[in-house]
Amino acid sequence: MKLCSEQELLRLARLFDQAALAELYDRYNNGIYYYALRLLGDQGMAEECSAETFSHLLRALRNGGGPTDNLKAYLYRSAHNWITDYYRRTAPLPLDPDVDLLEPNSDPGDLAEQNIIQEQVRIAIRLLTPEQRQVVILRFIEGWELDEIAISLQKPIGAIKALQHRAVAALQKLLLEKMD
Amino acid sequence: MNPNSELDPQLASQLKTLRRAIPRDPQLASRARESFLAEAAQIAPRVSISPRNRLDGWKETFTSFWKITRREKNPMFNITMAVLIVLGVIFGGGATTVAAAQTALPEQALYPIKIWSEDIRLGWEIDPQAKLDLELQFTARRAEEIGAMLVAGGPVSEPVLTRFENQQRQTLEYAAGMSDELVLPALEQVRNQARQQEQLMMQLQVAEPVAAQIRARIQIMMQAQAQTAQQGIDDPLWLREQLRLHERIHLATPTTTEPSLPTATSATGNNPWTTGTPTPLSGYGPGESQNPWTEGTPTPGSGYGPGTGTGNNPNPSPGSNSEVPEKLPSVQPGNGGGGQPGNGNGNRP
């Protein structure tokens, strides 16, 4: 079943049409999963985040709530909130990230090096504020446009630009200046 | 525009590493999808909460207006509600009936309610001027009713005429009982209304002879009323004295002093106003003129009399007629014959 309109998809989803719900899931579930995986770095947590995000959507639709449009933004915002809560639940990172970010005894192989860099970036992103984190991921990893991010964060584009500017400055400080 | 071009190349390169991700486990993904659809099927809302509500839910919608949710039954609540409903029906219905009765005519069933409501209104009124205004208003109603009955050619019942006559006298009493500064305007009111009603009676188009006789009677009554009021304007003390004497007669002989007009329904062809034997207390009779007020027997001590009587009793004794307020416009049924003779020594014109 391929529904052309997101509005139509949402209308049928409110009626709990199984085909529409399956289409909705297939359209957005992988994106949510990888979004969570990039931030969390753990497949199991990413699966849990994805499942919770879509379960939250079902409950909202059942209670007459949920999105009226911009389903994609709604799902990413929901996933982001779940990740933020997860960050709050888990043990806080050391105040000085230098020790953890740089591991002189890491594996010199490409893959290992990539993994290390990836982990360093992930930790650095986690040190950002939730909104800065969401802007960085959606803008530079998922490749969203500024207006899409503005819809997702329910903020004006000017505020998104300011968030992006501060987030990039923080990442540079965390990742580049420490490496120099 | 590539967003990464906004970044420092080294930072962009580091962020790019996050794009590389381990491919998702297909089994986990498939299981997650099944779980999602199963949850959707489980929490999907049903058509209605229960078959019972779907069948008679509309009844609940209507009956819920009248339901009062109470934790326990209260007998006093039911009694109070019953009393309130009964009172509402009585007073609400009564008010409607009284309002509807205000246009009733004497032959109609609601007429007694109309008369009753008038008496109630007069009884509640305290202000003398307002009381006079009300009585004048009700007298005008009687005149309209009598006029309507005469035009219709129907009989005018005795109680209607009696009441009309009584109300006429009552207006005089109310006017005379007012304070000195108000008595003259009040008597002028009475006089003017009597004159106006006389004119209205004169303009009535009546075809039946009996109706014409009744109309003539009413006109004479109006003339007498206007004349009495005028004499009261000239000498209020005299009018008060006459009324006081009339009241004494009423109290002394209640069975014979209640004035009543001859009924038109008798249809004898004779005018009881001008024929028959006058009673000593009536004072009405043809005499020289049709106005018993000025042509009747003078009351000793009142100083009132026609001056040149034509009656057959030139020497009335105090015991026979001395305290009869013969000038008041009242008649006895079946009499109205010759007036009491004057003694010719009155000092009123």
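Not measured: the values here are computed from a predicted model.

Q: Describe the interface of chain B and chain A, listing the residues and the values that go with them.
A: Taken together, the contacts link 30 residues of chain B with 40 residues of chain A. Interface area, chain B with chain A, both sides summed: about 3,400 Å², of which 60% is carbon and sulfur. Contact with chain A buries area across many residues of chain B, yet L18(B), R24(B) and F36(B) alone supply 23% of it, more than any other trio. Between chain B and chain A we count 10 residue pairs in polar contact (both at pLDDT 80 or more) in total. When contributions to the side of chain B that touches chain A are tallied by element, the ones reaching two or more residues are α1 (9-16) and α2 (26-43) of chain B. Of all the elements, α2(B) adds the most residues to the side of chain B that touches chain A, at 10 residues. Partitioning the side of chain B that touches chain A into residue classes produces 18 nonpolar, four polar and eight charged.

Q: Let's hear about the packing of aromatic side chains: which residues, and what values?
A: Applying the stated criterion across every chain yields a total of eight aromatic pairs over all chains. Their ring planes at 85° and their centres at 5.7 Å tell us that F54(A) and F36(B) sit as a pair that is edge-to-face. One end of the pair, F54(A), is in helix α3 (residues 43-62); the other, F36(B), is in helix α2, on a second chain. For the pair F54(A) and F36(B), one class covers both residues: buried. Plain terms: the ring middles of W82(A) and Y86(A) are 5.9 Å apart, the flat faces sit at 5° to each other, and that makes the pair stacked. Here the residue W82(A) and the residue Y86(A) both occupy positions in helix α4 (residues 71-89), the gap between them amounting to four residues, near one helical turn. The exposure class assigned to W82(A) is buried, which follows from its relative accessible area of 13%. Clustering of aromatic rings is evident, with ring pairs tying together Y25(A), F54(A) and F36(B).

Q: Tell me about the pattern of salt bridges, and name the residues and values.
A: Residue and element names in this part refer to chain A. The final tally for this structure, using the stated rule, is 17 salt bridges over all chains. Close ionic contact of D85 with R88 constitutes a salt bridge, the shortest N to O distance being 3.5 Å. Placement of both D85 and R88 in helix α4 is noted, with a separation of three residues, approximately one turn of the helix. A relative accessible area of 36% places D85 in the partly exposed class.

Q: Mind laying out a nonpolar patch on the surface, listing which residues take part and the relevant values?
A: A contiguous nonpolar patch, built from I79(B), V83(B), V86(B), L87(B), I90(B) and F91(B) and spanning about 570 Å² of accessible area, is present on the exposed surface. For L87(B), the position within the fold is in helix α4 (residues 75-101).

Reading the values: the criteria
- Residues numbered from 1 in each chain as written.
- Chains lettered and ligands numbered in written order.
- Predicted model: local features only at pLDDT ≥ 70, side-chain atom pairs only at ≥ 80, totals over all residues.
- Heavy atoms only, no water.
- Contact = heavy atoms within 4.5 Å.
- Buried area = accessible area lost by both parts, 1.4 Å probe.
- Polar contact = N/O pair within 3.5 Å; in protein donor to acceptor, adjacent residues only side chain to side chain.
- Helix = DSSP H or I, 4+ residues; strand = E, 2+ residues; numbered from the N terminus.
- Nonpolar A, V, L, I, M, F, W, Y, C, P; charged D, E, K, R; others polar.
- Phe/Tyr/Trp six-rings, centres within 6.5 Å; stacked < 30°, edge-to-face > 60°.
- Buried < 20%, exposed > 50% of the residue type's maximum accessible area, 1.4 Å probe, protein only.
- Salt bridge = Lys/Arg side-chain N within 4 Å of Asp/Glu carboxyl O.
- Patch = residues over 30% accessible without salt bridge, like charges linked within 9 Å, V, L, I, M, F, W, Y side chains within 5 Å.
- Areas by Shrake-Rupley, 256 points an atom, 1.4 Å probe, with all protein chains shown as cover.

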